[in-house]
Amino acid sequence: MRGAEFSLPPTGFFQDMTVPKKTSPVIDSPFSGENTPPTEIERFSSGCFTLDLVLGGGYPEGRIIDVYGESATGKTFLAVQAVSEYLRRFPDGVVGYVDSEQTFSEDFARRVGCPVESNRLKVVSSISTLQGLYVLLDKLRTDPPAPHVMVVLDSLDALIDEEEASAGPQMSGYSVGRPKYLSVKLLPMITGMAAKKSPSVTFYVVSQARSNLNPYGPKDVRSGGRALKFYCSQILHISKTDIKETVFGKQVLVGMDIKVQVEKNKCGFFGTHVTVPVYFNRGISALRAGAIFLKDLDAVKVVEELKASKEPVDVLERRMNDACRTRWEEFLSRVRVRSESGSNEF
């Protein structure tokens, strides 16, 4: 449900929030023995089986996740899908969705199984300041107390500080470095609040991609500066290609293939990508996602065998998921062998 405006915290509210000294569990990877994700990290699904495989089991709870990309690439869709899966995974959890860009659609959220009418989901569009975000997070944790809390910030680029809010539209000199300045203030506070109240605060940040002016660097860079890069456990860069079909002789847009590049992953394998196919009136296509995943891993024959079968869709999806899991384990095993053999040392 949509919430109301929150009052600012009392003076000294943030003074006793110190940045915790967390000791992260040892992350097993293809380069260090077993590739099974550590059991200390609780996870929730992304809504796409193949993306969960690449991430090591899904999104990690109690961590900071950053998803960035250009406009209309599916950032909000992945955020809403994550909210739905989080509430399904944690029945006693609550989610605060800060809709600072005014892009949240209740109809679309219902289609992906998000409980919009539930008191466990608070969609707030009136919060645009850093202090208001702190108050929202504190209220989610204490009114009433909740053991699992997720905050979605959509997006970091639309957040302003109190100076801009009080100055109004006549303020000039807005800088593209503002999200960087805000993230430097925001992330230590969020981490400190998690240490004070409970370790299970999941922070899902949506940020916009910026064109990199350096011709020798990557094409796109993320806003938020270096602070966001260091604090995040997972950083996903997304792009998309359109899915079109012919209707009455005309090409019409019916969906999009969201390409997710895993740039950072402290909870599993990184440096690879996966495609999440989304149809506008249906959501994620598990069969298409599995077929693309297997083709990317040179398992075209497996896809052809599954495509030729006449089994029901639910049975076919289970077989597709099993094939994807098996192929991914084979891939990780070969990566481990290559890393141990050192065949490219010279």
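Residues numbered from 1 in each chain as written. Predicted model: local features only at pLDDT ≥ 70, side-chain atom pairs only at ≥ 80, totals over all residues. Heavy atoms only, no water.

(A) Geometry of the overall build of the chain. Within the chain, the regular secondary structure consists of ten helices and twelve strands. The 346 residues of the chain split such that 48% are buried. Partitioning the contacts of the chain with sequence separation of at least 6, the portion at a separation of at least 24 is 69%. In the form shown here, the chain has an accessible surface area of approximately 17,700 Å², with 53% of it arising from carbon and sulfur atoms. (Helix = DSSP H or I, 4+ residues; strand = E, 2+ residues; numbered from the N terminus. Buried < 20%, exposed > 50% of the residue type's maximum accessible area, 1.4 Å probe, protein only. Contact = heavy atoms within 4.5 Å. Areas by Shrake-Rupley, 256 points an atom, 1.4 Å probe, with all protein chains shown as cover.)

(B) A look at the layout of surface pockets. In this model, the second largest pocket occupies a volume close to 420 Å³. Every residue lining the second largest pocket is counted, 23 residues in all, and those nearest its centre are Gly 74, Lys 75, Thr 76, Phe 77 and Thr 103. Residue assignment for the lining of the second largest pocket shows that the elements contributing at least two residues are α2 (75-89), β7 (201-211) and β11 (273-279). Broken down by element, the lining of the second largest pocket gets its largest block of residues, four residues, from α2. Taken together, the residues that form the lining of the second largest pocket break down as ten nonpolar, nine polar and four charged. (1 Å grid on protein atoms, 1.4 Å probe; cavity = no way out; pocket = protein on both sides within 12 Å on 5 of 7 lines; lining within 4 Å. Points joined across faces, edges and corners; volume = space filled by probe spheres on them. Nonpolar A, V, L, I, M, F, W, Y, C, P; charged D, E, K, R; others polar.)

(C) Representation of the packing of aromatic side chains in the model. Across all of its chains, the model carries ten aromatic pairs by this definition. Each ring, one from Phe 269 and one from Phe 331, has its centre 5.8 Å from the other, and the planes form 85 degrees; the classification is edge-to-face. With Phe 269 in the loop between β10 (250-265) and β11 and Phe 331 in helix α10 (residues 313-341), the pair connects residues that are 62 residues apart, well separated along the chain. Relative accessible area serves as the criterion here: at 13%, Phe 269 is assigned to the buried category. Given a relative accessible area of 26%, Phe 331 falls into the partly exposed group. A connected cluster of aromatic rings, assembled from ring pairs, spans Phe 44, Tyr 59, Tyr 86, Phe 90 and Tyr 204. Over the aromatic face of Tyr 279 sits the side chain of Arg 282, whose NZ or CZ is 4.6 Å from the ring centroid. (Phe/Tyr/Trp six-rings, centres within 6.5 Å; stacked < 30°, edge-to-face > 60°. Lys NZ or Arg CZ within 6 Å of the ring centre and 35° of its normal.)

(D) Main features of helix α8 (residues 286-296). Those residues of α8 lying buried are Ala 289, Gly 290, Ala 291, Ile 292, Phe 293 and Leu 294. On the buried face of α8, the contacting elements are α1 (49-55), β10, β11, α9 (300-308) and α10.

(E) Representation of the packing of α8 against α10 within the structure. The contact between α8 and α10 brings their axes to 9 Å, and the two run at 30 degrees. With respect to α10, the axis of α8 lies roughly parallel. α10 is crossed by α8, and the crossing has left-handed handedness. Here Ala 286, Leu 287, Gly 290, Ala 291, Phe 293 and Leu 294 of α8 come into contact with α10, specifically with Val 313, Leu 316, Glu 317, Met 320, Ala 323, Cys 324, Arg 327 and Trp 328. (Axes fitted to C-alpha atoms, helices over the stretch in contact; angles between N-to-C directions. Parallel < 35°, antiparallel > 145°, perpendicular 65-115°, else oblique. Left-handed = near helix turned anticlockwise from the far one by under 90°.)

(F) Focus on the pattern of salt bridges. Scanning the entire structure with this criterion turns up ten salt bridges. We note a salt bridge from Glu 42 to Arg 89, for which the minimum N-O separation is 3.2 Å. Remark: Arg 89 occurs in helix α2 and Glu 42 occurs in the segment before β1 (43-44); sequence separation between them is 47 residues. Of the charged contacts in the structure, one is a salt bridge between Arg 288 and Asp 257, with a shortest N-O distance of 2.8 Å. Residue Arg 288 is found in helix α8, and its partner Asp 257 is found in strand β10; the two are separated by 31 residues along the sequence. (Salt bridge = Lys/Arg side-chain N within 4 Å of Asp/Glu carboxyl O.)

(G) A look at the environment of Thr 241. Here Thr 241 shows up in strand β9 (residues 234-247). Taking the relative accessible area as the measure of exposure, Thr 241 reaches 48% and is therefore partly exposed. Spatially, the C-alpha atoms of Thr 241 and Lys 259 are 8.0 Å apart, while their sequence positions differ by 18 residues.

(H) Local environment of the nonpolar core. Grouped together as the largest cluster of nonpolar side chains are 57 residues, with contacts concentrated most on Tyr 59, Tyr 97, Tyr 204, Ile 258 and Val 260. At eight residues, α2 tops the list of elements feeding residues into this core. Residues in contact with Tyr 59, not counting those within four places in the same chain, are Glu 42, Arg 43, Phe 44, Ser 45, Ser 46, Leu 51, Ile 65, Ala 82, Tyr 204, Gln 234 and Leu 236. Membership of the second largest hydrophobic core comes to 24 residues, among which are Val 94, Val 151, Leu 153 and Ala 209. (Core = buried A, V, L, I, M, F, W, Y, C linked by side-chain atoms within 4.5 Å.)

(I) Broad picture of the packing of α8 against α9. Where α8 meets α9, the closest approach of the two axes is 7 Å, and the angle between their N-to-C directions is 150 degrees. Comparing the axis directions of α8 and α9 gives the class roughly antiparallel. Within the contact between the two elements, α8 uses Ala 291, Leu 294 and Lys 295 and α9 uses Val 300, Val 302 and Val 303. A per-class count over the contact of α8 with α9 returns five nonpolar, no polar and one charged.

(J) Examining the side chain of Asp 257 more closely. Residue Asp 257 is classed as buried on the basis of its relative accessible area of 11%. Sequence-distant contacts of Asp 257, that is, excluding residues within four places in its chain, are made with Ser 239, Lys 240, Thr 241, Ile 243, Thr 275, Val 276, Pro 277, Arg 288 and Ile 292.

(K) Representation of the pairing of strand β4 (residues 93-98). Of all six residues that make up β4, six are buried, and the element is covered over most of its length. Burial along β4 is two-sided: the face carrying Gly 93, Val 95 and Tyr 97 and the face carrying Val 94, Gly 96 and Val 98 are both buried. Where β4 lies against strand β6 (residues 148-154), six bridges are found, and the strand directions are parallel. Following the sheet pairing, Val 94 is matched in β6 by Val 149. Note: β4 against strand β5 (residues 121-124), four bridges, orientation parallel. Directly across from Val 98, in β5, lies its bridge partner Val 124. Once you follow β4 into helix α3 (residues 106-111) and on to β5, the crossover reads as right-handed. (Pairing = 2+ DSSP bridges. Right-handed = clockwise from strand over helix to strand, strands pointing away.)

It is worth stressing that arrangement in space is one thing and function is another; only the former is reported here.
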